[in-house]
Each structure stands twice: as C-alpha cells, then as structure tokens.
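Residue-level structural notes
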Amino acid sequence: MSSTAAPAAFSAPPTAVTAVWTGLIGLAVAMGIGRFAFTPLLPLMQQDAGLTLVQGGWLATANYVGYLVGAVICISAPPAPARAIKWGLTSIAVFTLGMAATNDFWLWLALRFLAGAASAFVLVGVSAWAMPILVHLGKAAWSGRVFSGVGVGICFAGLISLVAGVTAWGSRATWIVLGATAAVFAFTLWRRLANDVAHAPAAAGTGHTPLSGQAWLAALCYGAFGFGYIIPATFLPALAREVITNPAVFSWVWPVFGAAAAISTALAARFFPGHSPRRLWAYGQWVLAIGVIAPVLAVNLYVLLFSALCVGGTFMVITMAGVQEARRLGGTQAPRLIAVYTAAFALGQIIGPLTVNLFHGGLTWPSLIAAFALAASSFTLGLSARASGDAG
C-alpha cells in the first residue's frame, strides 16, 4: 500500500505554499550557492589557496559567462520548468562539491562556468513554474516570498563563509559544506517536482511569435541593471577585507547584503502594492545607483555596509519586478522573454568586470559609469511607462 500511496501524495496539484517554498529553496541554492557563493569565499581562497585577485576575477567572469550561455540555451530551446529546476539544482551541487576536489585553476574555471549555466536554468525554471501557479491561485503578491530565496541563499553562504573565516575552516571545507547543502535540497525538491510538472498552468500557444519593441527595450534596461549592480556585488567583500583585516568584522558585509535582499522583496510587495512592476523597477535602480557610488566617495566599514544595504535591498526587488514585467509584456512568450532578460543581465555582468580591467583595477570610473547606466535605464523605463499609459 505504501508504494502506491507515496506517488499519489506528490501527484496532487501544488498549493501556493508549496510553490513558494519550492521556488524559494530553488533560488536560494541556485543564486546563493551556484552564483554568489564565490564572492564571500574569495578572501578565503586568497588566504589558503593562493588565489590572486586577477584569478578571482576570471573565476567570477567564468560564472557570468556560464550564466549567459545557460540563458541563451533557455531562449533557443526552452526546457520544461520542473526539469530545469531539478537538473539545474543537481548540477549545482555536483559542481560546487567539485571546487573542493581540486586545486587546478582551469578545472575551477570550468566548474564555475557550469555552475553559472545551471543557475540560469533554475532561475528561468522557477520563474516559469512558480509564478503561473501563484497567479492561477490568486496569490500573485506572494511572488516576493519566492524571490526572497535569493537573499536567503546569499545570506546563508555569507554566514557560512563568516564562520569559516573565524574558525579557520579553510575554503575547501566551506565548498564541501555548501555543496552538501545544495545536494540535500536538490534531492528534496527533485522528489517534490517529480510529478508536479503536469500541474503547472501552461500558457496557451507556445509558438515563437515575435517579441514586442517594448519587450526588447525592457530587456535592454535589464541588461543595464546587470551591469550596474555587478561591481559592488563582486567587490564589496574584497573592499571590506582591505579596510579591516579581522574576518569577524569584514565578513559581515555579505550576510548584510543577503539579508537585505531577502527582506526587500517581501517589504516591496507589502508596502508598494500600488506601484506597477516597471515603476518599482525604475525607483529601485535609483537606490541601487546610490549604493554603487557610495564606496567611490569613501571606503570604510560603515559606507560598505550602507552600500550593501542599498544594493542588496534593491537588486532582488528589481529582479522580481523585471520578471513580473516580462510576464506582462511577453504573454504566452513570457518564459522566452524571461530567458532574454536573463541573457541581457548576464551580458551586463560580464561587461562590468571588463570595465574594471579597462581602468586597471580602479573602481571609481567603472562605478560612475555603472551609476550612469542605471540612471539612464530608470529614465528609459519611466518614459516608456508614460508612453504606454502605465502610470502605476
């Protein structure tokens, strides 16, 4: 009896709570570990693995390129959402554990590239799976809870790295802890999603109809967002380490970043329900620009924590608003437009570190250029919203 009862339990249509928790955990693993775990681990790898800042930049770039490749694949051959989540999370667990299994820099490059690609699959999969379920059940406002998973994952990875720095675990042990955590949640969600694929509301008409000009303009703005946020998202922990040598102090920058990201989406959904996604996106980028410029004016712990709050407190709100706008503009092509957004975002992330290299590692001009790009994107979103009659 038990062998037939278990599948039946999983074949029931997912509830809103199930959709939220599945999406939250999926994004926590994909983004907190697959995408951003390297940021707080970079100081540890510099200390015990002899990694240089230049090599760290290449590892970060490999992850960004992988994220772009994964998004492009999702555009050209959109995967089934549940399958993208399951295999993406499993791959992230394997590639994260692989970072602890070798000291070869070229293998690290390959592993970070593959983890980035897998993370793109999970983001696109969660957006295409959880969001329609919540809309179908009349719980669209709960999308903020789903996207808070990114901040939860970032905060978790930051706290693990903080403990590792204080207790001298070392980077290898930290990669193992993060990889094992990813594996546990990948297994849990694999079982949950095994038979849920049939219950995700499907959009009518899946042909590759052309995306509108508004959709492409929004994707361009989303790429500017990726370019604008990536400089502080990459270098804040390293800047903190230069100012303060005590890991029990400087390591708090990344958990603060993640906590702000986790809380922000829920607060935005609660306190700004009357704002359209496009307006929320535009306003969020102004705050993000302030966080980008702050370390240019002064570099100390308080400024870096302020920057972490501004950047962490807006980048997931903008992501959530961007996905909601993609669903509005894309219609039946929403999953493909979300993949286009993801590709544009990844391309912006790649350009950001290259801009830093262009200025020989200096952050002043790249930060100013990033802030200008965010301002231009916000103006564009505001003008296009007015032109399309979106005054929310």
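See above for the structure.
Figured I'd write up the structure that's included with this text. (Residues numbered from 1 in each chain as written. Predicted model: local features only at pLDDT ≥ 70, side-chain atom pairs only at ≥ 80, totals over all residues. Heavy atoms only, no water.)

Now for the overall build of the protein. Counting its regular elements, the protein contains 15 helices and 0 strands. Against the compact-globule benchmark of 21 Å for 392 residues, the protein has a radius of gyration of 20 Å, which places it among compact chains. Taking the principal axes of the C-alpha coordinates as reference, the protein spans close to 60 × 55 × 35 Å. Burial status across the protein gives 57% buried among its 392 residues. Within the protein, contacts between residues at least 6 apart in sequence are counted, and of these 85% link residues at least 24 apart. Here the protein has roughly 15700 Å² of accessible surface; of this, 71% comes from carbon and sulfur atoms. (Helix = DSSP H or I, 4+ residues; strand = E, 2+ residues; numbered from the N terminus. Rg over C-alpha atoms; globule rule 2.2 N^0.38 Å. Buried < 20%, exposed > 50% of the residue type's maximum accessible area, 1.4 Å probe, protein only. Contact = heavy atoms within 4.5 Å. Areas by Shrake-Rupley, 256 points an atom, 1.4 Å probe, with all protein chains shown as cover.)

Counting 117 residues, the largest nonpolar core has Tyr229, Phe257, Trp281, Phe315 and Tyr341 as its most contacted members. Each residue touching Tyr229, except ones within four places of it in the same chain, is listed here: Arg35, Phe36, Leu288, Val311, Phe315, Phe345 and Gln349. (Core = buried A, V, L, I, M, F, W, Y, C linked by side-chain atoms within 4.5 Å.)

Using the criterion set out here, one finds 16 aromatic pairs in the structure. Ring geometry for Phe105 and Trp106: centres 5.9 Å apart, planes at 70°, overall edge-to-face. Here Trp106 falls in the exposed class, since its relative accessible area comes to 65%. An angle of 90° between the planes, with centres 5.4 Å apart, marks the rings of Trp286 and Phe379 as edge-to-face. Of this pair, Trp286 sits in helix α12 (residues 277-297) while Phe379 sits in helix α15 (residues 364-387), and the two are 93 residues apart along the sequence. Take Trp286: its relative accessible area is 37%, and that puts it in the partly exposed class. Each member of the aromatic cluster is reached from another via a ring pair, and the members are Phe36, Tyr67, Tyr222, Phe225, Tyr229, Phe257, Trp281, Phe315, Tyr341 and Phe345. Looking at Arg35, its charged tip hangs above the ring of Phe36, at a distance of 4.9 Å from the centre. (Phe/Tyr/Trp six-rings, centres within 6.5 Å; stacked < 30°, edge-to-face > 60°. Lys NZ or Arg CZ within 6 Å of the ring centre and 35° of its normal.)

Here the structure, examined in full by the defined rule, presents 2 salt bridges. The salt bridge partner of Arg278 is Glu325, with a shortest N-O separation of 2.9 Å. Residue Arg278 is found in helix α12, and its partner Glu325 is found in helix α13 (residues 301-330); the two are separated by 47 residues along the sequence. Taken as a pair, Arg278 and Glu325 share a single burial class, namely buried. (Salt bridge = Lys/Arg side-chain N within 4 Å of Asp/Glu carboxyl O.)

Count 3.6 residues to each turn of an α-helix, and residues three or four apart come out pointing the same way. Taking burial as the measure, the 11 residues of helix α3 (residues 38-48) include 9 buried ones, the bulk of the element. Within α3 the residues assigned to the buried category are Phe38, Thr39, Pro40, Leu41, Leu42, Pro43, Leu44, Met45 and Gln46. Just beyond α3, the residue with positive phi is Gly50, at close to 70°.

The subject of this paragraph is the packing of helix α6 (residues 105-136) against helix α7 (residues 143-167). At a closest axis distance of 10 Å, the pairing of α6 and α7 adopts a crossing angle of 160°. In terms of axis orientation, α6 runs roughly antiparallel to α7. Here α6 and α7 pass one another in a crossing that is right-handed. Residues Leu123, Val126, Ser127, Met131 and Leu134 of α6 form the contact with α7, whose participating residues are Ser143, Val146 and Phe147. Tallied by class, the residues present in the contact of α6 with α7 amount to 6 nonpolar, 2 polar and no charged. (Axes fitted to C-alpha atoms, helices over the stretch in contact; angles between N-to-C directions. Parallel < 35°, antiparallel > 145°, perpendicular 65-115°, else oblique. Left-handed = near helix turned anticlockwise from the far one by under 90°. Nonpolar A, V, L, I, M, F, W, Y, C, P; charged D, E, K, R; others polar.)

These values are about where atoms sit, not about what they do.
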